[in-house]
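Each chain, letter by letter, is given below.
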Amino acid sequence: MILRRVIECVRTRNWIAVALALLALSASPIARAQALAEALPADALAPAFLAECDARAAASGAYDPEIAGAVLALTNLGVFDRDAFEGVKIGFCPLRVAGGPVATTSCADDVILLDVKYADPAQRLVLNATLAHEMTHYLQHQEGKAASGDGYCASAAYAADKAWMEREADAFGDAVGELFVIGRAVEVRNDCATAVSVYVEAAAPMAGSDQAIGFLTVAPGMSAHWPERSTSRLHQFYAETAENSGEARAWRGADGGRRRFIGGQTIQLREISLPAAAPADGPFRLTLSCTPD
Ligand SMILES: [Zn+2]
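Just so it is clear, the structure is predicted and the values come from calculations on it, not from any experiment.

J.: Any chance you could break down the pairing of strand β4 (residues 184-190) for me, citing the residues and the numbers?
T.: Successive side chains on a regular strand alternate, one facing one side of the sheet and the next facing the other. The two faces of β4 differ: Arg184, Val186, Val188 and Asn190 on one face are buried, but Ala185, Glu187 and Arg189 on the other face are not. With 5 bridges connecting them, β4 and strand β7 (residues 223-230) associate as antiparallel partners. Counterpart to Val188 in the pairing with β7 is Ala224. In this structure, β4 lies alongside strand β13 (residues 284-288), joined through 5 bridges in parallel fashion. Considered in β13, the bridge of Asn190 is made with Leu288.

J.: An account of the sheet that holds strand β2 (residues 103-106) is requested, with residue identities and associated values reported.
T.: Sheets are built from strands that pair by backbone hydrogen bonding, the pairs being arranged parallel or antiparallel. Sheet architecture is open: 3 strands sit in the order β1-β3-β2, paired in mixed fashion. The open sheet has two edge strands, β1 (89-93) and β2, and neither has a second partner. Strand-to-strand, the axes of this sheet are offset by a mean angle of 20 degrees, without reference to chain direction. Note that β2 and strand β3 (residues 111-115) share 4 bridges and pair antiparallel. Among the inter-strand pairings, Ser106 is bridged to a residue of β3, identified as Val111.

J.: Please set out the nonpolar core residue by residue, giving values where relevant.
T.: Counting residues in hydrophobic clusters, the biggest one holds 38 residues, and the most contacted among them are Leu74, Ile112, Leu113, Leu114 and Ala132. Every element with two or more residues in this core is listed here: α4 (47-56), α5 (65-76), β1, β3, α6 (124-148) and α7 (156-182). With 8 residues, α6 is the largest single contributor of residues to this core. With sequence-adjacent residues up to four places away left out, Leu114 is seen in contact with Phe92, Ala103, Leu127, Thr130 and Leu131. Formed by 18 residues, the second largest nonpolar core is a distinct cluster that contains Cys192, Val200, Val218 and Tyr238.

J.: How would you explain the sheet that holds β7 if you had to name every residue and give the values?
T.: Here we have 3 strands laid out as an open sheet, ordered β7-β4-β13, and mixed in their pairing. This sheet does not close on itself; its edge strands, each paired only once, are β7 and β13. Each strand of the sheet is rotated relative to its neighbour by a mean of 20 degrees, with strand direction disregarded.

J.: Could you give me a rundown of α7, with the residues and numbers involved?
T.: For the α-helix, the turn length of 3.6 residues means that residues three or four positions removed from each other point alike. The first and last C-alpha atoms of α7 sit 40 Å apart over 27 residues, in line with the 39 Å expected at 1.5 Å per residue. Lys162 marks the point of greatest bend in α7, at about 40 degrees. One or two steps after α7, the chain reaches Gly183, where phi turns positive at roughly 75 degrees.

J.: Can you tell me about the packing of α5 against α6, naming the residues and giving the values?
T.: Viewed as axis vectors pointing N to C, α5 and α6 meet at an angle of 75 degrees, and their least axial separation amounts to 9 Å. On the basis of their axis angle, the class for α5 and α6 is roughly perpendicular. Across from Glu66, Ala70, Ala73 and Leu74 in α5, the residues of α6 making contact are Leu127, Asn128, Leu131 and Ala132. Residue composition of the contact of α5 with α6, by class: 6 nonpolar, 1 polar and 1 charged.

J.: So, the pairing of β3: which residues are in play, and what are the values?
T.: Counted residue by residue, β3 has 5 buried out of 5 residues, so it is predominantly covered. Judged by which residues are buried, β3 turns out to be covered on both faces: Val111, Leu113 and Asp115 on one side and Ile112 and Leu114 on the other are all buried. When β1 meets β3, the two strands line up parallel, connected through 5 bridges. Note that in β3 the partner of Cys93 across the bridge is Asp115. Between β2 and β3, which follow one another and run antiparallel, lie 4 residues, and Asp110 among them has a positive phi close to 55 degrees.

J.: I'd like a description of the environment of Tyr158, backed by residues and values.
T.: Tracing the chain through its elements places Tyr158 in helix α7. Note on Tyr158: 19 C-beta atoms within 10 Å, which makes it partly exposed. Measuring from C-alpha to C-alpha, the distance between Tyr158 and Cys107 comes to 9.2 Å, with 51 residues separating the pair along the chain. Not counting chain neighbours up to four residues away, the residues in contact with Tyr158 comprise Cys107, Gly144, Tyr152 and Cys153.

J.: Which residues make up the environment of Ala219, and what values do they have?
T.: Looking at where Ala219 falls in the secondary structure, it is placed in the loop between β6 (216-218) and β7. The partly exposed category is assigned to Ala219, around which 13 C-beta atoms lie within 10 Å. As for Ala219 and Arg189, which are separated by 30 residues in sequence, their C-alpha atoms are 9.2 Å apart. Look past the residues within four positions of Ala219 in its chain and what remains in contact with it is Asn190 and Ala195.

Procedures and definitions
Residues numbered from 1 in each chain as written. Predicted model: local features only at pLDDT ≥ 70, side-chain atom pairs only at ≥ 80, totals over all residues. Buried ≥ 20, exposed ≤ 12 C-beta atoms within 10 Å, placed from the backbone. Helix = DSSP H or I, 4+ residues; strand = E, 2+ residues; numbered from the N terminus. Pairing = 2+ DSSP bridges. Axes fitted to C-alpha atoms, helices over the stretch in contact; angles between N-to-C directions. Core = buried A, V, L, I, M, F, W, Y, C linked by C-beta atoms within 7 Å. Contact = placed C-beta atoms within 7 Å. Expected span 1.5 Å × (residues − 1). Bend = angle between axes of the 7 residues up to and from the residue. Parallel < 35°, antiparallel > 145°, perpendicular 65-115°, else oblique. Nonpolar A, V, L, I, M, F, W, Y, C, P; charged D, E, K, R; others polar.

Any functional reading would require information that these geometric values do not contain.
Next comes the structure, spelled out in structure tokens:
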């Protein structure tokens, strides 16, 4: 499976191999078919077994630490809003030992069960991507129930929907796994009428990425990419309009925050949580506007 290959590469910190494996495998119909063939239906498991695992699954706010960590990682990456998890119970369950799939999401009960192997810290990336896959099913089920009522989960319509739902969840989970590996860029949008110089620091920069030193200048009305990628929306930045511009303005943090000496001056960084362009792809976006606050 694609993600299994990824986690092996990540352990060796072979980032180029990770990117190549993702690109090659995500484009391979054979790999996709093999991945699907490995998925065993949860329907094959004994109802009493599933009911026991469902009963142990925790509500939002009380998730197991590893699951809470995955939820935080996904929300920090901008994949889901925190409140998307409000109505879903999530728990670990020995699914594979019982002959089931690695994860399953109950349509009727809004419970996500993940195989116990994902509690291993070495499985963190795969856990994150698998939870993204199962959360897609949870949201699909919510949509189906909203459109067709509570009977949806027992309906022929749901049975017919399962194939495209699985394709959608697979594509989404794989894209999220890739984002965790390569990180998101930061796109700086300059909405001012003058050039701005900006400096950005990520709270979770990609390992091995070149730390940019100095300002990035963005022309008026244009966008540019900060050269460092990251896996968390949390950033600190400083920006100022170009010297000699009639529209002098600076974006700086409060006194007492983190400072940097950049481009011959001491700058005061401002904390910011950046929105993502899209849940499973695209950059974080930092928009600088010169309209009065
Ligand atoms: Zn699925």
